[in-house]
Amino acid sequence: MKCKKCGERASIKMPQHNMALCGDHFLAWVPEYTQRTIEKYRMFTREEKILVAVSGGKDSLALWDVLHRLGYQADGIYINLGIIDPQNDLAYSAKSKAFCSQFADQNGLQLHIVDIKEKYGETIAEINQRSAHGRQKPCAICGLVKRHIMNQIAHDKGYDVLATGHNLDDEAAALFGNTLNWTVEMLRHQSPLLPAVSGFVRKAKPLCRFYERETAAYALMRGISYVYEECPYAAGARSIQYKKLLNQLEKRSPGTKMNFYVHFLKAQKELFGEEQTAIPREEHCPVCGQPTLSGQACAFCRMTGAVKA
Ligand code: Q46
Ligand code: ZN
Ligand code: ZN
C-alpha cells in the first residue's frame, strides 16, 4: 500500500477515507483534518481561549498537541481524582498527571491542576464509598465531579470553550448505547459542539472524526508520552463492549463506524432541527453559582458539603 500523497510506502491505511498515508503525510493530515472539523462545526477561532481537558491518555494529549501546532491558544486542565489500581500496584492518577505535566513543560504550555483530595478532602473512591448506596464503581460521581470542576475553571478563568479528546470510536459507542436504549434526550444533545447556555461553557470535540487507532498512531509518531493503562474502573464498561462490536462490524465493512456517526449527525438535524444545545437551566446553585434545575445547592455542592461535614 502506497501513500496517496507521495507514493512512498504507507504507514497507515484509512479505508473509510479511501486513503493510505506515509508517516510524514499522516502527521501533516491530522491537523488539517482537525482544522476542517473545527470549521465545519464552528467550534472556535484563533482569537478565542481554549481549555483542553487532559487525562494523560493519547486522545487528549494528541488534541492538545494538534491545537498547539495549529496555533490556537490552548491551555490544559488535569483533574487529579486520586485513583489507584491496587491489582497492578499502580498510582493511576499520579502517573496520568505526570504525563500531562511533562507534555505541558516540554511545549511551554499552561496546565491547571485540580487535586480533589487536596481541595475536597477525599479521593473519588473515598467519596464513592461514603455515598455509593451499594454502587461498586465511582464512575457516576467521577463524571459529575469532572463536569463540574471543568465548567467552573473554564468559566472562572475566562475560557471561551472547553475542548475534549473524544474520538469517533467514543462517539459511535455512545451513540450505539443511546440508540439501543432510545434515550432521546441524549440523542438530541450528542454533538461535536454544544454552544454555551445559561452558565455552561461551550464544549467542543475536535477529534470526533478520527478513529481511535488514528489518534493512537498520531501520539506515537509525534513521540507523545501517555498513560497506556486504562482507569481500573473502566474494565467491563458497556462502552468498551460497544466499541468491540463496532470494530467487528468495521472489520467486515470498513467505514461502518464513520457512516454510523456521520450519518447520525445529518439525521439528527432532520429529527431535532439545528439546535442541539445543553438543557437550559435558569436557576443557579447558591453555593457555587453553577446552573441547577432546582435553585437549591447543586449535586456537586451537596456532595462536597457532605465531605466537609
Ligand atoms: S476515569 Fe472516572 Fe472514567 Fe475511571 S472512575 Fe470511571 S469515569 S472509568 S472516563
Ligand atoms: Zn507520503
Ligand atoms: Zn454548587
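What counts, and at which threshold
Residues numbered from 1 in each chain as written. Chains lettered and ligands numbered in written order. Predicted model: local features only at pLDDT ≥ 70, side-chain atom pairs only at ≥ 80, totals over all residues. Heavy atoms only, no water. Donors = N, O, S within 2.8 Å, 3.2 Å for Na, K, Ca; no water. Tetrahedral: all angles 85-135°; square planar, octahedral: opposite > 155°, others 65-115°. Helix = DSSP H or I, 4+ residues; strand = E, 2+ residues; numbered from the N terminus. Expected span 1.5 Å × (residues − 1). Buried < 20%, exposed > 50% of the residue type's maximum accessible area, 1.4 Å probe, protein only. Near = heavy atom within 4 Å. Nonpolar A, V, L, I, M, F, W, Y, C, P; charged D, E, K, R; others polar. Contact = heavy atoms within 4.5 Å.

Around the zinc ion (ligand 2), the protein contributes the donor atoms C3 (SG), C6 (SG), C22 (SG) and H25 (ND1), at 2.1 to 2.3 Å from the metal centre. For the zinc ion (ligand 2), the 4 donor atoms in the first shell make angles of 99 to 114° at the metal, so the coordination geometry reads as tetrahedral. All donors to the zinc ion (ligand 2) come from one chain, and their sequence spacing reads C-x2-C-x15-C-x2-H. Placement of the pair is C6 in the segment before β1 (12–14) and C22 in the loop between β2 (19–21) and α1 (23–40), with a sequence separation of 16 residues.

The next subject is helix α6 (residues 139–156). Along an α-helix, a turn takes 3.6 residues, which lines up residues three or four apart on a common side. Its 18 residues give α6 an end-to-end C-alpha distance of 25 Å, which sits within 8% of 26 Å, the value for a rise of 1.5 Å per residue. Taken residue by residue, α6 has I141, C142, G143, V145, H148, I149, M150, N151, Q152, I153 and A154 as its buried positions. Where α6 ends, the next residue or the one after it, G158, has phi of about 75°, a positive value.

The subject of this paragraph is the coordination of the zinc ion (ligand 3). Summarising the metal site, the zinc ion (ligand 3) is bound by the protein donors C285 (SG), C288 (SG), C298 (SG) and C301 (SG), whose distances to it range over 2.3 Å. Taken together, the 4 donor atoms surrounding the zinc ion (ligand 3) define angles of 104 to 115° at the centre, an arrangement classified as tetrahedral. Written as a sequence motif, the donor residues of the zinc ion (ligand 3) are C-x2-C-x9-C-x2-C. Of this pair, C288 sits in the loop between β9 (283–284) and β10 (291–292) while C298 sits in the loop between β10 and α12 (299–308), and the two are 10 residues apart along the sequence. Here the two residues C288 and C298 agree in accessibility, since each one is buried.

Turning our attention to unusual backbone geometry. Even without being glycine, R42 reaches a positive phi, approximately 45°. Residue position: R42 is located in the loop between α1 and β3 (49–53). Among the residues examined, R42 registers a relative accessible area of 72% and is labelled exposed. One non-glycine residue, D89, lies in the positive phi region at around 50°. One can find D89 in the loop between β4 (73–80) and α3 (92–107). For D89, a relative accessible area of 72% gives the class exposed.

Around ligand 1, the surrounding shell consists of I83, C139, C142, K146, C231, Y233 and A234. In terms of residue class, the shell around ligand 1 is made up of 6 nonpolar, no polar and 1 charged.

It is worth spelling out α1 at this point. Its 18 residues give α1 an end-to-end C-alpha distance of 26 Å, which sits within 8% of 26 Å, the value for a rise of 1.5 Å per residue. The secondary structure elements touched by the buried residues of α1 are β1, β2, α2 (58–69), α9 (212–221) and α11 (256–272). Directly after α1, the chain includes R42, whose backbone phi takes a positive value near 45°.

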